Amino acid sequence: MEWVSGGELLERIAERGFYSEQTAAKAVRQVLGALQCLHSRGHAHRALRPEKLVFASEAEDSAIKLLTAGLGVNNLLPTAPPYCAPETNKGAGAGPASDMWSLGVIAYILLCGFEPFAGENGSASEPLHQHALHFPAPWWDEVSDSARDLVTQLLQTDPAARPTAEEALQHPWVRGDTPRTQHMDATVRSLREFNARRKFRAATQAVVATQRLVSPEKRLSRVLGHVSPQEETPPRASDERPGRC
């Protein structure tokens, strides 16, 4: 298997000194290339989220690799809102269009440093409507209209309305024609805070998932207390009576 040592995409962006829309567009373009390859062969990733995007090496011009659904951090956990597309939450199953929704969420985070739909009706897992997508100030004031257009297309609640990976690769922002070149200092600060929350949440969920794998017998033993072999007294022959177990 291929070894990747460059670290996660969001963490590396948060650590770098300069970050612009051009860098974000390049990252999205590489992910779209991987998705286009998958989709053209009749496959879907179905678990696209930031933890699956890693750099091949620590080199400045390193390529971004898309980890498969069975690799990476927290694989015991299913893809959760907001990365999980609305149709998947309704039980329709995940396909190529669901991957495009997940990429739209990641692109949104890359541009402002936080997730879309956060706190919408109190929960990101509730049904989403088109009016739920917004670009709040001041975080989006310096983001180009072209970037907003791509995110809007990807985060359509109707999967049929989303562009395919091949179509998204032709978007002017993805091609590199329209991204802005100014440093996005506020986005970098937001990404640092987002990464801290994400890591804490992931660690908490991993502990919960691990606990669920512990057998009921072990959980009961932890509740009642462990009885050592020395404390266990075997039944005596004189105690054996008919009907005793």
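From a predicted model like this one, the values you see are computed outputs, not experimental measurements.

Asks: Help me out: how do you make sense of unusual backbone geometry in this one?
Replies: Glycine aside, the phi torsion of most residues is negative, and most peptide linkages are trans. Residue Pro138 follows Ala137 across a cis peptide bond; omega there is 0 degrees. One non-glycine residue with positive phi stands out, namely Arg46, at about 70 degrees. Along the chain, Arg46 falls in the loop between α2 (21–40) and β1 (53–55).

Asks: Help me understand the packing of helix α4 (residues 96–112) against helix α5 (residues 145–154), please; the structure alone is not making it clear to me.
Replies: In helix packing, the relevant descriptors are the interaxial angle and the interaxial distance, both defined with respect to the helix axes. Here α4 crosses α5 at 150 degrees, and the two axes come no closer than 8 Å. It follows from the interaxial angle that α4 and α5 lie roughly antiparallel. Judged by the sense of rotation from one axis to the other, the crossing of α4 with α5 is left-handed. Together, Met100, Trp101, Leu103, Gly104, Ala107, Tyr108 and Leu111 of α4 and Ala147, Val151 and Leu154 of α5 make up the contact between the two elements. Along the lines of polarity and charge, the residues of the contact of α4 with α5 split into nine nonpolar, one polar and no charged.

Asks: Please explain the pattern of salt bridges as it appears in this structure.
Replies: Side chains bearing opposite charge may pair, as long as their charged atoms lie close to each other. Taken as a whole, this structure holds six salt bridges when the rule is applied. A salt bridge links Glu87 to Arg162; the shortest N-O distance between them is 2.8 Å. Placement of Glu87 in helix α3 (residues 86–89) and of Arg162 in the loop between α5 and α6 (165–168) is noted, with a sequence separation of 75 residues between them. Neither Glu87 nor Arg162 differs from the other in exposure class; each is buried. Residue Arg189 pairs with Asp185 through a salt bridge whose shortest N-O separation is 2.1 Å. Of the two residues, Arg189 and Asp185 both sit in helix α8 (residues 185–213), four residues apart, roughly one turn of that helix. In this structure Arg189 comes out as partly exposed when scored by relative accessible area, which is 45%.

Asks: Help me understand the environment of Val31, please; the structure alone is not making it clear to me.
Replies: For Val31, the location among the structural elements is in helix α2. Apart from residues no more than four positions distant in its own chain, Val31 is found in contact with Leu53 and Leu103.

Asks: Just checking my understanding: could you explain the nonpolar core for this structure?
Replies: Most often, soluble globular proteins keep nonpolar side chains buried together rather than apart. Grouped together as the largest cluster of nonpolar side chains are 48 residues, with contacts concentrated most on Val28, Leu110 and Trp173. At the level of secondary structure, the elements contributing two or more residues to this core comprise α1 (9–15), α2, β1, α4, α5, α6, α7 (172–175) and α8. In terms of residues, this core owes the most to one element, α4, which gives 11 residues. In contact with Trp173, other than residues within four places in its own chain, are Glu21, Ala24, Ala25, Val28, Leu111, Ser144, Ser146, Ala147, Leu150, Thr178 and Pro179.

Parameters at a glance
The numbers attached to residues start from 1 for each chain and follow its sequence in the written order. Local features are withheld for residues below a pLDDT of 70 in this predicted model, meaning they are given only at 70 or higher, and side-chain atom pairs are given and counted only at 80 or more; totals for whole chains, interfaces and linings count all residues. Side-chain metrics in this entry use all non-hydrogen atoms of the structure; hydrogen atoms and water are not considered. Secondary structure elements follow DSSP: runs of H or I of four or more residues count as helices, runs of E of two or more count as strands, with numbering from the N terminus. Comment: axis = line fitted to C-alpha atoms, over the contacting stretch for helices; angle = value between 0 and 180 degrees taken between N-to-C directions. What sets the label is the angle itself: under 35 degrees gives roughly parallel, over 145 gives roughly antiparallel, 65 to 115 gives roughly perpendicular, and the rest give oblique. Two helices cross in a left-handed way if the nearer one is turned anticlockwise from the farther one by less than a right angle. They cross in a right-handed way if the turn is clockwise. Note on contacts: a residue pair is in contact if any heavy atoms of the two residues lie within 4.5 Å. Nonpolar residues are Ala, Val, Leu, Ile, Met, Phe, Trp, Tyr, Cys and Pro. Charged residues are Asp, Glu, Lys and Arg, and all others, Gly as well, are polar. A pair is scored as a salt bridge if a Lys or Arg side-chain nitrogen falls within 4 Å of a carboxyl oxygen belonging to Asp or Glu. For every residue, the accessible area (1.4 Å probe, protein chains only) is compared with the maximum for its type, and the residue is labelled buried under 20%, exposed over 50%, or partly exposed between those bounds. Here, nonpolar core means buried Ala, Val, Leu, Ile, Met, Phe, Trp, Tyr and Cys residues that are tied together by side-chain atoms lying within 4.5 Å of each other.

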